[in-house]
Amino acid sequence: MPKYTPMAKGAVALSVLALAGTAVLAAQAIAGPSSANVADVLAERLPKTNVSAVDCDAVPGLCAITAGANLFYTDTSARYLIVGRVYDMETRQDLTAAKLLELNPDRLVGAATKGGATAGGNPSPTKAASGTTPSVPKAALAQLPASGAIEWGSGKRSVTVFSDLKCGYCQELHATLASMNVRVAERPISILGTRATSEAVLCAKHPARALAAAYLGKPIQGSLACDTSGLDANEAFARTHGFTGTPVLVREDGAVIQGYRDRAFLEAWLAGEAQ
């Protein structure tokens, strides 16, 4: 039998340190990258997206990304972009709706519970300390080029919508406006890394059809090379006016509302009966 030779104290200490280091590395691998690391990667991959918060602890395996009033997700390597809702099936909670409501209590989050109840509501005009209704923000659209808008719908009234083509609320708003008697000038802006999709829609043979297809996640058909400087103008306008989330609606008189609204509110707002 081979003779047992006891290890020197120094060798034992080195072995313990090596095991400890391995344990630390393993723990780091399990924990995944930090929120700061994911934020750095996103800054490179989505340079035009103003990321305001990264939370890699709320949902195991995912990082929740806040960009203004928008919320989306990535995997922990920030390679895959995930746009949609996250549900906890054990607690039966809509985690996305809860986070959006936390970010913006005035935003209509959508039907997050059954039976028609919603997690949010339409904001109503608030009273200032003097008892008067605060002024409504305005935006002058005359400076924007027609080349940055996709025109669709018909009716006596019109509205301009700043949207991101991967924004779920923008898709809901598109469907709501399509059911109304209104002319829409849709101006895409890239918040969720959708510039290429916006260009394909704008340069399509039938941009309005391409817009509808993009919201449904379908491929854009018949896109050609065209002038896309209108999209640059849209994004510069959005930054200047502080449109950090989508959708944003601008009425003919320049009145602005941010976030999704239901049909009843929109009809009253377009008629000037709501703010």
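Criteria and cut-off values
- Residues numbered from 1 in each chain as written.
- Predicted model: local features only at pLDDT ≥ 70, side-chain atom pairs only at ≥ 80, totals over all residues.
- Heavy atoms only, no water.
- Axes fitted to C-alpha atoms, helices over the stretch in contact; angles between N-to-C directions.
- Helix = DSSP H or I, 4+ residues; strand = E, 2+ residues; numbered from the N terminus.
- Parallel < 35°, antiparallel > 145°, perpendicular 65-115°, else oblique.
- Left-handed = near helix turned anticlockwise from the far one by under 90°.
- Contact = heavy atoms within 4.5 Å.
- Nonpolar A, V, L, I, M, F, W, Y, C, P; charged D, E, K, R; others polar.
- Phe/Tyr/Trp six-rings, centres within 6.5 Å; stacked < 30°, edge-to-face > 60°.
- Lys NZ or Arg CZ within 6 Å of the ring centre and 35° of its normal.
- Buried < 20%, exposed > 50% of the residue type's maximum accessible area, 1.4 Å probe, protein only.
- Pairing = 2+ DSSP bridges.
- Salt bridge = Lys/Arg side-chain N within 4 Å of Asp/Glu carboxyl O.
- Lys, Arg positive; Asp, Glu negative; His and termini not counted.
- pLDDT = per-residue confidence, 0-100.
- Core = buried A, V, L, I, M, F, W, Y, C linked by side-chain atoms within 4.5 Å.
- Disulfide = S-S within 2.5 Å.

To continue, consider the packing of helix 4 (residues 168–178) against helix 6 (residues 207–215). For the pair helix 4 and helix 6, interaxial distance at closest approach is 10 Å and the crossing angle is 130°. When the axis of helix 4 is compared with that of helix 6, the two are oblique. The chirality of how helix 4 crosses helix 6 is left-handed. Each of Cys170, Gln171 and His174 in helix 4 lies in contact with helix 6, whose residues at this interface are Leu211, Ala212 and Tyr215. Classifying every residue of the contact of helix 4 with helix 6 gives 4 nonpolar, 2 polar and no charged.

What follows deals with the packing of aromatic side chains. For the structure shown, the criterion picks out 3 aromatic pairs. Directly above the ring of Phe265 sits Arg261, whose terminal nitrogen or CZ lies 5.6 Å from the centroid.

Listed in full, the buried residues belonging to helix 6 are Ala210, Leu211, Ala213, Ala214 and Tyr215. Against the buried residues of helix 6 lie strand 7 (150–153), strand 8 (157–163), helix 4, strand 9 (182–188) and helix 5 (195–202). Two residues or fewer after helix 6 comes Gly217, characterised by a positive phi angle close to 75°.

Sheet architecture is open: 4 strands sit in the order 1-2-3-4, paired in antiparallel fashion. A strand with exactly one partner marks an edge of an open sheet, and here the two such strands are strand 1 (53–55) and strand 4 (81–82). With 3 bridges joining them, strand 1 and strand 2 (residues 62–67) adopt antiparallel strand pairing. Paired with Val54 across the strands is Ile65, a residue of strand 2. Its contacts with the sheet place helix 2 (residues 35–45) against strand 1, strand 2 and strand 3 (70–75), and it is angled at close to 130° to strand 1.

Here the focus is the pattern of salt bridges. Considering all chains together, one arrives at 7 salt bridges under this definition. A salt bridge links Lys48 to Glu235; the nearest nitrogen and oxygen atoms lie 3.5 Å apart. Taken as a pair, Lys48 in the loop between helix 2 and strand 1 and Glu235 in helix 7 (residues 229–240) lie far apart in primary sequence, 187 residues in all. Overall, Glu235 belongs to the buried group, its relative accessible area being 6%. For Glu267, the salt bridge is made with Arg263, and the minimal N-O distance between the two is 2.8 Å. You can see Glu267 and its partner Arg263 sitting in helix 8 (residues 263–270), 4 residues apart, about one turn around the helix. Residue Glu267 is classed as partly exposed on the basis of its relative accessible area, which comes to 37%.

Attention shifts here to the side chain of Arg187. Its location among the elements puts Arg187 in strand 9. Of the buried charged residues, Arg187 lacks a salt bridge, with Glu151 as the closest side chain of opposite charge at 6.1 Å. Apart from the residues lying within four places of it in its own chain, the contact partners of Arg187 are Leu144, Pro145, Ala146, Gly148, Ala149, Thr160, Val161, Phe162, Ser163 and Asn234.

Looking now at the confidence of the model for the chain. Across the chain, the average pLDDT comes to 77, with 73% of residues at or above 70. The least confident element of the chain, judged by mean pLDDT, is helix 1 (residues 9–31) at 40; the most confident is strand 9 at 98. Long-range and interchain partners of residues 7–32, a stretch whose pLDDT sits below 50, account for 2 contacts in this model, where long-range means more than four residues apart. Across residues 107–135, confidence stays below pLDDT 50; counting only partners more than four residues off in sequence or on other chains, it has 55 contacts.

The next thing to look at is the nonpolar core. Ranked by internal contacts, the top residues of the largest apolar core, which has 37 residues, are Val159, Leu177, Leu249 and Trp269. Among all residues touching Val159, those that are not within four sequence positions of it are Leu177, Val182, Arg183, Val184, Ala185, Leu249, Val250, Trp269 and Leu270. Counting 22 residues, the second-largest nonpolar core is a separate cluster that includes Cys56, Ile189, Phe243 and Val248.

Bringing the state of the cysteines into the picture now. Taken as a whole and judged by the stated rule, the model has 2 disulfides. Paired through a disulfide, Cys56 and Cys63 show a sulfur-sulfur distance of 2.1 Å. Disulfide Cys56-Cys63: the torsion about the S-S bond is 105°, which places it as right-handed. Across the disulfide from Cys203 sits Cys226; the S-S distance is 1.8 Å. Where Cys203 bonds to Cys226 through sulfur, the torsion about that S-S bond is close to -70°, and the disulfide is left-handed. On the criterion of sequence distance, the pair formed by Cys203 in the loop between helix 5 and helix 6 and Cys226 in the loop between helix 6 and helix 7 is long-range, its members being 23 residues apart. Shown here for the chain is a disulfide pattern of 1-2, 3-4, where each number marks a bonded cysteine counted in sequence order.

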